[in-house]
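# Summary of the model geometry
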Amino acid sequence: MARDIAARVPPGQYATEKWPVLHYGGIPRFDPTTWDFRVFGLVVEPLRLTYDELRALPEVTITCDVHCVTAWSRLGMTFEGVPVRTVLERAKVRPEAQFVMVHADQGYQTNLPLSYLQADDALLAWRADGQDLTPDHGWPLRLVVPRLYFWKSAKWVRGFELLAKDRPGFWERNGYHMHGDPWKEERYSSPW
Ligand SMILES: Nc1nc2c(c(=O)[nH]1)N[C@H]1C(S)=C(S)[C@@H](COP(=O)(O)O)O[C@H]1N2
Ligand SMILES: [Mo]
């Protein structure tokens with residue numbers, strides 16, 4: 001058992017029972033009358049959903065391990081929400097699209113390959129470990145992409161921009177890796 005757990009902790013990480021809160025800037029206030037979720041860029045049908053419309057989509061529960069680049073890993077978390085794939089299918093992603101810029105409140109952005117968002121374990125989540133997300137963990141909606149470092153899992157997420165070419169987001173412009181696979185320790189980009 002202990003060995004199984006050890007095998008789930010990527011190199012340079014340690015497992016913690018706590019769920020740390022990490023973000024840049026403040027915690028945005030949620031206003032359901034103005035909140036929307038948009039899918040735009042290289043899509044056939046740009047999408048704009050209200051919070052109620054998003055919450056009405058079929059929901060799933062996933063169990064996953066979360067890895068933060070600051071070295072903590074939290075194993076066996078559960079998240080409830082809508083598979084990202086569901087909203088991408090509605091917007092009809094164009095074949096040229098290869099990357100996604102994730103947009104969140106207060107200008108936070110993070111980039112990732114489209115394939116991670118089309119996988120079964122990518123979620124737009126509103127509950128974690130059986131409880132509604134607290135505002136500091138991203139209420140009313142956060143992205144969960146467990147196979148990349150957690151900075152790609154934008155809290156207070158508001159939209160996806162489909163792109164043909166990769167473009168750096170907030171942390172990626174500040175030295176973090178464009179890809180961010182914890183198993184390859186893709187923490188920072190090399191400066192040359
Ligand atoms: N909108 C937004 N999302 C964000 C961040 C941020 O600064 N702003 N920080 C990221 C980072 S660096 C991490 S490690 C995780 C932390 O999520 P948690 O506070 O729920 O543990 O959120 C990510 N999502
Ligand atoms: Mo982080």
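What comes next is a walk through the structure. Counting of residues starts from 1 at the beginning of each chain's written sequence and follows it residue by residue. Written order decides the labels, with chains lettered from A and ligands numbered from 1. Under the rules for a predicted model, residues below a pLDDT of 70 receive no local features and side-chain atom pairs below 80 are neither given nor counted, while totals for whole chains, interfaces and linings still include all residues. The side-chain figures draw on all heavy atoms in the structure; neither hydrogens nor water molecules are used.

## Re the overall build of the chain
What the chain contains, in helices and strands, is five helices and eleven strands. The C-alpha atoms of the chain give 16 Å as radius of gyration, which agrees with the globular expectation for 192 residues (16 Å, within 12%). Based on the C-alpha atoms only, the size of the chain along its principal axes is roughly 45 × 45 × 30 Å. Between buried and exposed lies partly exposed: a residue is buried under 20% and exposed over 50% of the maximum accessible area for its type, with that area taken using a 1.4 Å probe on protein chains only. By the burial criterion, 51% of the 192 residues in the chain qualify as buried. When checking whether two residues touch, look at their non-hydrogen atoms; a contact exists if any pair is within 4.5 Å. In the chain, once contacts between residues fewer than 6 apart in sequence are set aside, the share between residues at least 24 apart is 70%. What counts as a helix is a DSSP run of H or I of at least four residues, what counts as a strand is a run of E of at least two, and both are numbered from the N terminus. Taken over C-alpha atoms, the radius of gyration is set against a globule rule of 2.2 Å times the number of residues to the power 0.38.

## Some thoughts on the site of ligand 1
Around ligand 1 sit 19 residues, and of these Pro20, Tyr24, His137, Arg142 and Lys155 come closest. Any pair of nitrogen or oxygen atoms within 3.5 Å is treated as a polar contact; in protein, a donor-acceptor pairing is required on top of that, and neighbouring residues in sequence qualify only through side-chain atoms on both sides. At a separation of 2.7 Å, an oxygen atom of ligand 1 approaches a polar backbone atom of Pro20. In the model, an oxygen atom of ligand 1 is placed 2.5 Å from a nitrogen or oxygen of the Lys155 side chain. Here, Shrake-Rupley sampling with a 1.4 Å probe gives the accessible areas, and only protein chains in the shown set may cover a residue. Protein contacts shield 97% of the accessible area of ligand 1, which totals 530 Å² for the unbound molecule. Note that Gly is not counted as nonpolar here; it falls among the polar residues with everything else outside the nonpolar set of Ala, Val, Leu, Ile, Met, Phe, Trp, Tyr, Cys and Pro and the charged set of Asp, Glu, Lys and Arg. Among the residues forming the shell around ligand 1, the class breakdown is 14 nonpolar, three polar and two charged. It suffices for a single heavy atom of a residue to lie within 4 Å of a molecule or strand for the residue to be listed as near it.

## Observations concerning the side chain of Glu80
Within the element layout of this structure, Glu80 appears in strand S5 (residues 72-83). You can call Glu80 buried: its relative accessible area is 16%. Sequence-distant contacts of Glu80, that is, excluding residues within four places in its chain, are made with Glu59, Val60, Thr61, Leu123, Leu124, Ala125, Trp126, Arg127 and Gly130.

## Structural notes on the pairing of strand S7 (residues 109-113)
For S7, the tally of buried residues reaches five of five residues, placing the bulk of the element in the interior. The side-chain alternation of S7 yields two buried faces, one formed by Gln109, Asn111 and Pro113 and the other by Thr110 and Leu112. Pairing between strand S6 (residues 99-104) and S7: five bridges, direction antiparallel. Residue pairing for S7: His103 is matched across the bridge by Gln109. Between S6 and S7, which follow one another and run antiparallel, lie four residues, and Gln106 among them has a positive phi close to 60 degrees. Two strands are said to pair when DSSP picks up at least two bridges between them.

## Examining the pattern of salt bridges
When a carboxyl oxygen of Asp or Glu is within 4 Å of a side-chain nitrogen of Lys or Arg, the pair counts as a salt bridge. For the coordinates displayed, the defined rule picks out 13 salt bridges. Put simply, Asp129 and Arg74 hold a salt bridge, and the shortest N to O gap is 3.0 Å. Taken together, the residues span a long stretch of sequence, with Asp129 in the loop between strand S8 (123-128) and strand S9 (131-132) and Arg74 in strand S5 at a distance of 55 residues. By relative accessible area, Asp129 is classed as partly exposed at 34%. Given a relative accessible area of 14%, Arg74 falls into the buried group. Here Arg167 ties to Glu161 by a salt bridge, and the two come within 3.3 Å at their closest N and O atoms. Bridged by salt links that share partners, the residues Asp36, Arg48, Asp105 and Arg158 form one connected network.

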